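Report on the structure
Chain residues, written in single-letter form:
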Amino acid sequence: MKRNKLSVGQKFLLLSISLTLITSAMTVVAEEIYHEKHRPQFHYSPHQQWMNDPNGMVYYEGEYHLFYQYNPYNNIWGPMHWGHAVSKNMLNWEELPIALFPDNHGAIFSGSAVIDWKNTSGFGTTKNPPMVAIFTYHDHLAENLKQKTYQTQGLAYSLDKGRSWTKYEGNPVLTSPDIPDFRDPKVSWYEPGKKWIMTLAVKDRISFYSSKNLKNWTHESDFGQGIGGHGGVWECPDLIKMKVKGTDEEKYVLLVSINPGGPNGGSGTQYFVGDFDGKEFVLETGFSELLASDVDTSPELIKDGIWLDYGTDNYAGVTWADVPATDERKLFIGWMNNWQYANKLPTNRWRGAMTIPRELQLVKAKQGYRVYSVPVAEIENQHELLESNENLVVKKHLDVTKALGLDTVTQRTTLSVDLQKAKVLRVIVENDKDRLIFTIDRNKKQFQLDRSASGIVDFDSMFSQIQLAPLVDDVGMFTMDFFVDESSIEIFVNNGQTVFTSLLFPESPYQRVLLETDDTVLLKSAVGYGIEPLWIK
Ligand code: FRU
């Protein structure tokens, strides 16, 4: 075959044209990532593939670390690694290379990380304390062979701010007695006993273990059999010492994720309030009876637990370790998803996102101790106040977006309403085709979230079900803080007393917020904010 020979000049020209084409193609790809349809703009999601639970959340030298359950090979759940991202403000994230890979003990399931300040583990020095990850090994091979002890706990450490990791050669450090569900260690330092406490999910209970060096663990006690929600297996616990808001009183809050058996189906996170003495968690006297007073109002909503979030999509959330003592906040992030349909979400390059970071507050409410969730204050630094309006009388109907002089739904909308004699208020978030309805129903003493016509809903039948929460302490005044991203809404009612986190997949962005009511109400204030995309960093 005869070929045309190219001169050196022609070859050079061709080469530089191809290089230009390749570089510009790469630029196009880079620009497209993070701007795909439904890609969250102010919630963390990995640049590609599957993500579930947040793991190893620890603060060190100015960085919040977020590790997470990650499958680098596919956009569905699979062989688990720990993905990794860092941020200075919990909002602008930089994705780093994968931190932990599976090894001969198994895949890397959920767990936590701590800074071992006193170098109790000997992995570092007191001058350069190790960052230690404590995680569950899941041995798929042993599981297939029907062995019972396929979940064990392992350690890895980093001496360079989480950038590189060494697995401990003595792994695993804790093996299950003979219960297969034995996972998700959350470790924290217990100062009065000068020891580490591991809070571990063991099927239908939480087991507490203690250790002086993170390597040798002693079983201390169990909590939870027959108490609280048991519609599914217990997972991803967190034991948090909290000050009761506005006082110096201290209590321990135990978060327990459960799947299925959540308040509105599938996954959910319940909590317990009590005391902890380094050995045992003792439930606050009357905590279950206090729960019963909620039950009086709407028994079907409670499902035997007290829930952190009534939306279907906040799971496996825990708090950051080692937040500086000067910052007394308990900072939380959850996986914005539900195992019921997590593998079927209509996204492609990536699948899975985190909630916005929240501060958990322990409040002594009328019904007893309650955990409220509020968006972290750092969000206000990413804000732009777009428009606000005050004291609007709503006679059955108001287009809030128009009243604000806007033509689209803002990322954050804060509404404060005095319902007066009205019994029902509906907040509708819609475009010409899709609509989402959030209802305050004082007759039924309920909040309702209806996403059945919010966009793409047909990938799972549960996705269209109405989500309910009990309406307690009704004094007729409500503040509602709505965060609307490309594929989610988070609603914080009355300063985080009731929260709904919910995924949404509208065909096109929502354009309007409307109010509808059965009587005249006063919209005391309406504020619309824009939130900077987190990818700009
Ligand atoms: C919770 C969970 C954990 C487990 C991990 C596996 O969502 O089931 O219990 O460690 O996910 O990816």
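Notes on the structure in this doc start here.

A closer look at the overall build of the protein chain
- On a plain count of helices and strands, the protein chain comes out with 5 helices and 32 strands.
- Whereas a compact globule of 537 residues would reach a radius of gyration of roughly 24 Å, the protein chain reaches 25 Å, a difference of no more than 12%.
- Over its C-alpha atoms, taken along the principal directions, the protein chain stretches across nearly 75 × 75 × 45 Å.
- Within the protein chain, the proportion of its 537 residues that are buried is 60%.

Points about the sheet that holds strand β15 (residues 250-259)
- If you trace the 4 strands from one edge of the open sheet to the other, you get β14-β15-β16-β17, paired in antiparallel fashion. The outermost strands of the open sheet, each flanked by one partner alone, are β14 (233-243) and β17 (281-283). Across the sheet, the mean angle separating the axes of adjacent strands is 40° when strand polarity is ignored.
- Bridge analysis of β14 against β15 gives 9 bridges, and the strand direction is antiparallel. Bridge pairing in β15 links Glu235 to Ser257.

Points about the site of the ligand
- As a structural note, the neighbourhood of the ligand is formed by 13 residues, with Asp53, Gln69, Arg183, Asp184 and Trp339 the closest of them.
- In the model, an oxygen atom of the ligand is placed 3.1 Å from a nitrogen or oxygen of the Ser110 main chain.
- Contacts to the ligand include Asp184, whose side-chain N or O atom sits 2.6 Å from an oxygen atom.
- When isolated, the ligand has an accessible area of 320 Å², and the protein chains bury 95% of it.
- Only β1 (49-60), β5 (107-115), β10 (183-190) and β14 provide two or more residues apiece to the shell around the ligand.

What to know about the environment of Lys330
- Mapped onto the elements of the fold, Lys330 is located in strand β19 (residues 330-335).
- In this structure the C-alpha to C-alpha distance between Lys330 and Val318, which are 12 residues apart in sequence, comes to 9.4 Å.
- For Lys330, the side chain forms a polar contact with the main-chain oxygen of Lys241, separated by 3.3 Å.

Some thoughts on the layout of surface pockets
- Counted as a void, the largest pocket has a volume near 1200 Å³.
- Lining the largest pocket are 41 residues, and of these Trp189, Lys241, Asp322, Val323 and Lys330 lie nearest its centre.
- Put simply, the parts of the chain that give the lining of the largest pocket at least two residues each are β5, β10, β11 (195-202), β14, β15, β19 and β21 (358-365).
- Element by element, the count of residues in the lining of the largest pocket is highest for β14, at 6 residues.

Quick look at the packing of aromatic side chains
- Under the defined criterion, the tally for this structure stands at 35 aromatic pairs.
- When the ring of Phe67 is compared with that of Trp82, the centres are 5.5 Å apart and the planes differ by 35°; the resulting orientation is tilted. Linking Phe67 in strand β2 (residues 63-71) with Trp82 in strand β3 (residues 81-87), this pair joins segments that are 15 residues apart in sequence.
- On the accessibility criterion, Phe67 (0% relative accessible area) is buried.
- Ring plane angle 85° and centroid distance 5.8 Å describe the contact between Phe459 and Phe505, whose orientation is recorded as edge-to-face. Here the residue Phe459 occupies a position in the loop between β27 (446-453) and β28 (467-470), and Phe505 occupies one in the loop between β31 (498-503) and β32 (512-531), the gap between them amounting to 46 residues.
- A relative accessible area of 14% places Phe459 in the buried class.
- Chaining the aromatic ring pairs together yields one cluster made of Tyr44, Tyr59, Tyr64, Tyr68, Tyr70, Trp93 and Trp320.
- If you follow Arg412 out to its NZ or CZ, it ends over the ring of Tyr529, 5.6 Å from the centre.
- The positively charged end of Arg451 is found above the aromatic ring belonging to Phe463, 3.5 Å away from the centroid.

Concerning the pairing of strand β24 (residues 412-418)
- Counting buried positions along β24 yields 5 of 7 residues, so the element is predominantly enclosed.
- As paired elements, β24 and strand β29 (residues 477-485) share 7 bridges and run antiparallel to each other. Looking at the pairing, Asp418 lines up with Met477 of β29.
- Pairing geometry for β24 and β32, over 7 bridges, is antiparallel. Bridge assignment links Arg412 to a residue of β32, and that residue is Tyr529.

Notes on the nonpolar core
- Ranked by size, the top nonpolar core spans 68 residues in total, and within it Phe281, Phe438 and Met480 carry the most contacts.
- Lining this core are residues from two domains, each supplying at least three of them: domain 2 (37-377) and domain 3 (382-531).
- Discounting chain neighbours no more than four positions away, the residues touching Phe281 are Phe208, Ser221, Phe223, Leu239, Tyr252, Leu254, Phe272, Val273, Gly274, Asp275 and Phe276.
- Tyr34, Tyr44, Trp320 and Ile379 belong to the second-largest nonpolar core, a separate cluster that totals 39 residues.

Brief notes about the pattern of salt bridges
- With the rule as written, the count across this model stands at 32 salt bridges.
- Of the charged contacts, one joins Asp248 and Lys243 as a salt bridge, the two residues approaching to 3.8 Å between their closest N and O atoms.
- Given a relative accessible area of 65%, Asp248 falls into the exposed group.
- A salt bridge links Arg426 to Glu516, with the shortest nitrogen-to-oxygen separation between them at 3.6 Å. Of the two residues, Arg426 sits in strand β25 (residues 424-430) while Glu516 sits in strand β32, which places them 90 residues apart along the sequence.

Regarding the pairing of strand β16 (residues 268-276)
- With respect to burial, β16 is a largely interior element, 8 of its 9 residues being buried.
- With 7 bridges connecting them, β15 and β16 associate as antiparallel partners. Following the sheet pairing, Val256 is matched in β16 by Gln270.
- Bridging between β16 and β17 involves 3 bridges; their strand directions are antiparallel. Residue pairing in the sheet places Asp275 in a bridge with Val282 of β17.
- As consecutive antiparallel partners, β16 and β17 are separated by 4 residues, and within that stretch Gly278 has a phi angle of approximately 95°, a positive value.

A few points about the sheet that holds β10
- If you walk across this open sheet you meet the 4 strands as β10-β11-β12-β13, and the pairing is antiparallel. Looking at the sheet topology across the chains shown, the edges are occupied by β10 and β13 (218-223). The mean angle between the axes of side-by-side strands here comes to 25°, regardless of whether they run parallel or antiparallel.

Cut-offs and rules
Per chain, residues are indexed from 1 in the order of the written sequence. Only residues with pLDDT of at least 70 get local features here, since the model is predicted, and only at 80 or more are side-chain atom pairs given and counted; chain-wide, interface and lining totals rely on the full set of residues. Heavy atoms from the whole structure form the basis of all side-chain values; hydrogens and water molecules are not counted. What counts as a helix is a DSSP run of H or I of at least four residues, what counts as a strand is a run of E of at least two, and both are numbered from the N terminus. Computation of the radius of gyration draws on C-alpha atoms, with the globule rule given as 2.2 Å multiplied by the number of residues to the power 0.38. Only protein chains enter the accessibility calculation, which uses a 1.4 Å probe; a residue whose area is less than 20% of its type maximum is buried, one above 50% is exposed, and one in between is partly exposed. One requirement defines pairing of two strands: DSSP has to find at least two bridges between them. Axis angles are defined between N-to-C directions and span 0 to 180 degrees, where every axis is a line fitted to C-alpha atoms and, for a helix, only to the segment in contact. Throughout, the term near means that a residue has one or more heavy atoms lying within 4 Å of the molecule or strand in question. Any pair of N or O atoms that falls within 3.5 Å is considered a polar contact. Within protein, one atom must be able to donate a hydrogen and the other to accept it, and sequence-neighbouring residues count only if both atoms are side-chain atoms. Shrake-Rupley sampling with a 1.4 Å probe provides the accessible areas, and residues are treated as covered by the protein chains on show and by no other component. For each structure, a 1 Å grid was placed over the protein atoms alone; sets of points admitting a 1.4 Å probe that cannot get out are labelled cavities, open sets with protein on both sides within 12 Å along at least five of seven lines are labelled pockets, and lining residues have an atom within 4 Å of a point. Grid points are joined across faces, edges and corners, and a volume is the space filled by probe spheres set on the points. Pairing of aromatic rings covers Phe, Tyr and Trp, the last through its six-membered ring, and needs centres within 6.5 Å; plane angles under 30 degrees mean stacked, over 60 mean edge-to-face, and all others mean tilted. The rule is short: NZ of Lys or CZ of Arg within 6 Å of the ring centre and within 35 degrees of the ring normal puts a charge over the ring. Take the buried Ala, Val, Leu, Ile, Met, Phe, Trp, Tyr and Cys residues and link them wherever side-chain atoms come within 4.5 Å; each set so joined is a nonpolar core. Start and end positions for the domains come from either an automated domain assignment or a database one. Contacts are assigned to residue pairs with any non-hydrogen atoms lying within 4.5 Å of each other. Salt bridge, as used here: a side-chain nitrogen of Lys or Arg that lies within 4 Å of a carboxyl oxygen of Asp or Glu.

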